[in-house]
Number of protein chains: 2
Amino acid sequence: MSMIQTMDADGGEPLSLHQRILSDISERILSGAWAPGHRIPFEHELTAEYKCSRMTVNKALSQLAKAGLIERRRRSGSFVRRPQSQAAVLEIHDIRIEVEALGLPYRYERVARHKRRSSAEDRTLLELDSNGPVLALECRHFAGKRPFAHEQRLINLAAVAEAANEEFFAVAPGPWLIARVPWSAAEHRIRAVAADRHIAAALDIEAGAPCLVVERRTWSAEHPVTHVRFTYAAESHTLVARFTPSQG
Amino acid sequence: MSMIQTMDADGGEPLSLHQRILSDISERILSGAWAPGHRIPFEHELTAEYKCSRMTVNKALSQLAKAGLIERRRRSGSFVRRPQSQAAVLEIHDIRIEVEALGLPYRYERVARHKRRSSAEDRTLLELDSNGPVLALECRHFAGKRPFAHEQRLINLAAVAEAANEEFFAVAPGPWLIARVPWSAAEHRIRAVAADRHIAAALDIEAGAPCLVVERRTWSAEHPVTHVRFTYAAESHTLVARFTPSQG
DNA sequence: GCCGAGGTTATGTATATACATATTGAAACG
DNA sequence: CGTTTCAATATGTATATACATAACCTCGGC
C-alpha cells in the first residue's frame, strides 16, 4: 500500500510502481494475453515503458520468477512459464478455532497420557534415531455435544523436555507446543480411512464409517518434535486449500 | 531427509550476501534463539554486522516479512512474529504423474460426455450466474489394472468454447485444460466420504468403503472455468503437504 | 496535567551506477 | 569444416544516495 502517484488517469488507489509492474504483468499472463513460452519484454524495454530504473523492474521480475510465473534466462530474457503442477496453500488451524468458526462451543478432553521409552513404531512415526523418551497422548475435541476430532500424539521429550511435567488436562497439546516450540518444518499426510472400533467409539460413529485422517510431523531446527494424527468423522470436516498466483 | 538447509561453517558454495543474511536470520528465529516478539537488529546495525549497504539488508528483511517470519513496524523496528496458523503447500499433480510415480502403467478412460444447458446444480458447483452451456464429463484413471481415480467434471463452455469440439477420448480433461487455459485461481475441498453404488462400481470397491474426495474449482481471470471431483479409494491415495518456512 | 506541534527515527520506495556472470552468436583460426 | 575465442547482451547482485512516510517522543503552551 504505497503512495507514489501513478501517472495513469484511470483513478484507482495509488500503487507503488513496483506493484503496478507486478500486477500488470501477472494480469497479462493470467489472462492468457502472454501465453506460456512467450518472451516478456527485456528489462530495458520495461524501463522505458514504465519510465523507471532497471532496479525497480528487476525487483518486480525477480519476484515473479520466485513466484513461479516466469522463468529468467541470462542473455535470453524472461519467459512465461508453463504451469507444472497445481500448488495450493492449505491452512491448518487450531481445532478450537475451527469449531468456534462453526458457531459451536468447544470442549477439550484428555483421554490418556503415557510417558515411555520410544518403541520401534514411535521411532518410525517421529523419525527418531535413538530410543529416547516420548510422551504419548490421546485426546478428544468436541463441537457442542458431539466429538469433533480424535487426536493421537507423540512428543519427543528429548526436544521438548518440559512436556514431561505437563498433564495436558486443561490445555491441548497443539496450542501448548505452538506457544513454546518454534516450528521450522512440517509434513502433512491426508487420507481417508474406515473407522476401527477404537476410533468409532471415540467419535461416536459406526465402525467402518469413513473418516478423514490428517497426520502431521513437525521439526524444529532438524529435531523431530511431534507427530500427531487427527481423525475426523466424514461429515464433520472438510479441508479447504486455495491457490492464487502470488502477486507479492 | 532434513528439509532445512543450514549453511553452517565454511561449507559449500558461495552464497550471496542477500541469501546469507536471509538464512542467518531464519536460522536464529527457527532455532528459537530469537523468540517470537524479539526485536531483531535495526537495518543500520545489520548493515554494520554484515558490512553491506542498507539496500541489501532491506531486501532481505522485506523478504522475511513477506514470508511471514517477521513483522516490520516503522519507527519501531522488526519483530519475530508468532506463528498464527499452520500453512502448508499442497501439491496437486496430474494423475498420470502420480500413477507413474508409483511405477505403474497409466491408462485413461472416458466414460461419459454430455453437453447441456447448466442445471441449478451445475451453476452451484461452477458458481455460474447464467444458465449457459456446460460440458459434463465422467472419466476413470487406472493404475495398472485397477481403477485409481474417478473423475466427474464440469466445464464452463462460455469460458472454454473449444471444449465443445473435443471428445476427450484420447486426452484427459485435466491436461487438456491446463495446456489451453491459464488458471488464475483455484479452490480445493478435501474430505472423506463413503462410496455410493455408482462410485463403488467405478472404482471396483465395496459400496460404503471410505474414499478420499478432492474437489477443485478453477477460475481464469474472474471467469469460472471448471469444477472437478476426484474420488480415490482409501488405500490408493494419500495427499502430502509440506510446510517449510520460505527462504527465498 | 492535558494536548497538540514538531522533531527524530526506522522503514519504504526509488534512482543512478558499477561490476559479475552466464549464454549466445559470430568472427578467427587451424 | 569444425573448433576455439571473443565480444555483445541480459540478467544478478551490490553500492551510495535521496526523499517519503508513519510512529513515537519530547517539549511547550495553556
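All figures in this text were calculated on a predicted structure; none of them were measured in a lab.

The subject of this paragraph is the UniProt feature "domain: HTH gntR-type" (unreviewed entry) in chain A. Here, the residues flagged by UniProt with the feature "domain: HTH gntR-type" (unreviewed entry) are residues 15-83 of chain A. In the segment residues 15-83 of chain A, helix accounts for 52% and strand for 14%; the C-alpha atoms at its two ends are 28 Å apart.

In this section: the confidence of the model for chain A. Residues and elements named next belong to chain A. In this model, chain A carries a mean pLDDT of 90, and residues with pLDDT of at least 70 account for 92%. Mean pLDDT across the elements of chain A bottoms out in strand S4 (residues 86-92) (83) and peaks in helix H7 (residues 197-203) (98). Long-range and interchain partners of residues 1-11, a stretch whose pLDDT sits below 50, account for 10 contacts in this model, where long-range means more than four residues apart.

Attention now moves to the nonpolar core. Generally speaking, soluble globular proteins have nonpolar side chains that are buried together. By size, the foremost hydrophobic cluster in this structure holds 89 residues, and its most contacted members are Ile190 of chain A together with Leu90 and Ile190 of chain B. When residues no more than four places from it in sequence are discounted, the contact partners of Leu90 of chain B are Gln86, Ala87, Ala88, Leu90, Ile190 and Ala241 of chain A together with Ile190, Leu239, Val240 and Ala241 of chain B. Within the second largest apolar cluster, 17 residues are counted, among which are Leu22, Trp34, Tyr50 and Cys52 of chain B.

Taken together, 26 residues surround DNA strand C, and among them Leu17 and Thr56 of chain A together with Arg54, Met55 and Arg72 of chain B come closest. Expressed as a percentage, the sugar and phosphate content of the atoms of DNA strand C within 4 Å of the protein is 65%. Within the side chain of Ser53 of chain A, a nitrogen or oxygen atom sits 2.9 Å from a phosphate oxygen of DNA strand C. At 2.5 Å from a phosphate oxygen of DNA strand C is found a side-chain nitrogen or oxygen belonging to Arg72 of chain B. Along the lines of polarity and charge, the residues of the surface near DNA strand C split into six nonpolar, 10 polar and 10 charged.

A few words on the sheet that holds strand S3 (residues 77-80) of chain B. Strands belonging to one sheet form pairs held by backbone hydrogen bonds; the direction of such a pair is parallel or antiparallel. Residue and element names in this part refer to chain B. Read across the sheet, three strands follow the order S1-S3-S2 without closing on themselves; strand pairing throughout is antiparallel. Every interior strand has two partners, whereas the edge strands, strand S1 (39-40) and strand S2 (70-73), have only one. Direction of pairing for S1 relative to S3: antiparallel, over a ladder of two bridges. Among the inter-strand pairings, Arg39 is bridged to a residue of S3, identified as Phe79. Lying on the sheet, helix H3 (residues 54-67) is in contact with S1, S2 and S3; it crosses S2 at an angle near 120 degrees.

Residue and element names in this part refer to chain B. By secondary structure assignment, the location of Val111 is in strand S5 (residues 106-117). Owing to a relative accessible area of 39%, Val111 belongs among the partly exposed residues under this scheme. Considered as a pair, Val111 and His150 are 39 residues apart in the sequence and their alpha carbons are 9.8 Å apart.

Let's shift gears to helix H3 (residues 54-67) of chain A. The end-to-end C-alpha distance of H3 of chain A, which contains 14 residues, comes to 20 Å, matching closely the 20 Å that a straight helix rising 1.5 Å per residue would cover. The complete set of buried residues in H3 of chain A reads Val57, Ala60, Leu61, Gln63 and Leu64 of chain A. Angularly, the buried residues of H3 of chain A cover 155 degrees about the axis, an arc narrow enough to put them on a single face. Away from its buried face by more than 90 degrees, H3 of chain A exposes Arg54 and Met55 of chain A. Looking at the buried side of H3 of chain A, the elements it contacts are helix H1 (17-30), strand S1 (39-40), helix H2 (43-50), strand S2 (70-73) and strand S3 (77-80) of chain A together with H3 of chain B. Where H3 of chain A ends, the next residue or the one after it, Gly68 of chain A, has phi of about 90 degrees, a positive value.

To continue, consider the protein's contact with DNA strand D. Neighbouring DNA strand D are 24 residues, the closest being Arg54, Met55 and Arg72 of chain A together with Leu17 and Thr56 of chain B. Sugar and phosphate atoms form 62% of the subset of DNA strand D atoms that lie within 4 Å of the protein. Between Arg72 of chain A and DNA strand D, the recorded distance is 2.4 Å, taken from a side-chain N or O atom to a phosphate oxygen. In the environment of DNA strand D, a phosphate oxygen lies 2.5 Å from a nitrogen or oxygen atom belonging to the backbone of Leu17 of chain B. Broken down by class, the residue content of the surface near DNA strand D amounts to six nonpolar, eight polar and 10 charged.

Look at the two chain copies: a rotation about an axis and a shift along it is all it takes to match them. Superposition of chain A onto chain B requires a rotation of 180 degrees combined with a translation of 0.0 Å along the rotation axis, giving an RMSD of 0.2 Å. Both copies of the chain, as the preceding transformation shows, are related through a two-fold rotation axis. Mapped onto chain B, 93% of the interface residues of chain A are again interface residues, and the two copies thus contact each other with one and the same surface.

Residue position: Ser220 of chain B is located in strand S9 (residues 210-220). Residues within four places of Ser220 of chain B in sequence aside, it is in contact with Leu30 of chain A together with Val181, Pro182, Ser184 and Val225 of chain B.

Here the focus is the packing of aromatic side chains. Enumeration over the complete set of coordinates arrives at six aromatic pairs over all chains. A centroid spacing of 5.7 Å and a plane angle of 80 degrees characterise the contact between Phe148 of chain A and Tyr232 of chain A, whose relative ring orientation is edge-to-face. On the criterion of sequence distance, the pair formed by Phe148 of chain A in strand S7 (residues 146-156) and Tyr232 of chain A in strand S10 (residues 223-233) is long-range, its members being 84 residues apart. You can call Phe148 of chain A buried: its relative accessible area is 4%. Seen from their ring centres, Phe230 of chain B and Tyr232 of chain B are 6.4 Å apart, and the 35 degrees between their planes marks the pair as tilted. Taken together, Phe148, Phe230 and Tyr232 of chain A form an aromatic cluster joined through their ring pairs. Stacked on the ring of Phe42 of chain A, the Lys or Arg Arg39 of chain A has its end atom at 3.8 Å from the ring centre. The ring centre of Phe142 of chain B lies 4.1 Å from the NZ or CZ of Arg107 of chain B, which sits over that ring.

Rules of the game
- Residues numbered from 1 in each chain as written.
- Chains lettered and ligands numbered in written order.
- Predicted model: local features only at pLDDT ≥ 70, side-chain atom pairs only at ≥ 80, totals over all residues.
- Heavy atoms only, no water.
- UniProt positions renumbered as here; feature names shortened; annotations may be inferred.
- Helix = DSSP H or I, 4+ residues; strand = E, 2+ residues; numbered from the N terminus.
- pLDDT = per-residue confidence, 0-100.
- Contact = heavy atoms within 4.5 Å.
- Core = buried A, V, L, I, M, F, W, Y, C linked by side-chain atoms within 4.5 Å.
- Buried < 20%, exposed > 50% of the residue type's maximum accessible area, 1.4 Å probe, protein only.
- Near = heavy atom within 4 Å.
- Polar contact = N/O pair within 3.5 Å; in protein donor to acceptor, adjacent residues only side chain to side chain.
- Nonpolar A, V, L, I, M, F, W, Y, C, P; charged D, E, K, R; others polar.
- Pairing = 2+ DSSP bridges.
- Axes fitted to C-alpha atoms, helices over the stretch in contact; angles between N-to-C directions.
- Expected span 1.5 Å × (residues − 1).
- Arc of directions from axis to C-beta.
- Least-squares fit on C-alpha atoms with pLDDT ≥ 70 in both.
- Phe/Tyr/Trp six-rings, centres within 6.5 Å; stacked < 30°, edge-to-face > 60°.
- Lys NZ or Arg CZ within 6 Å of the ring centre and 35° of its normal.

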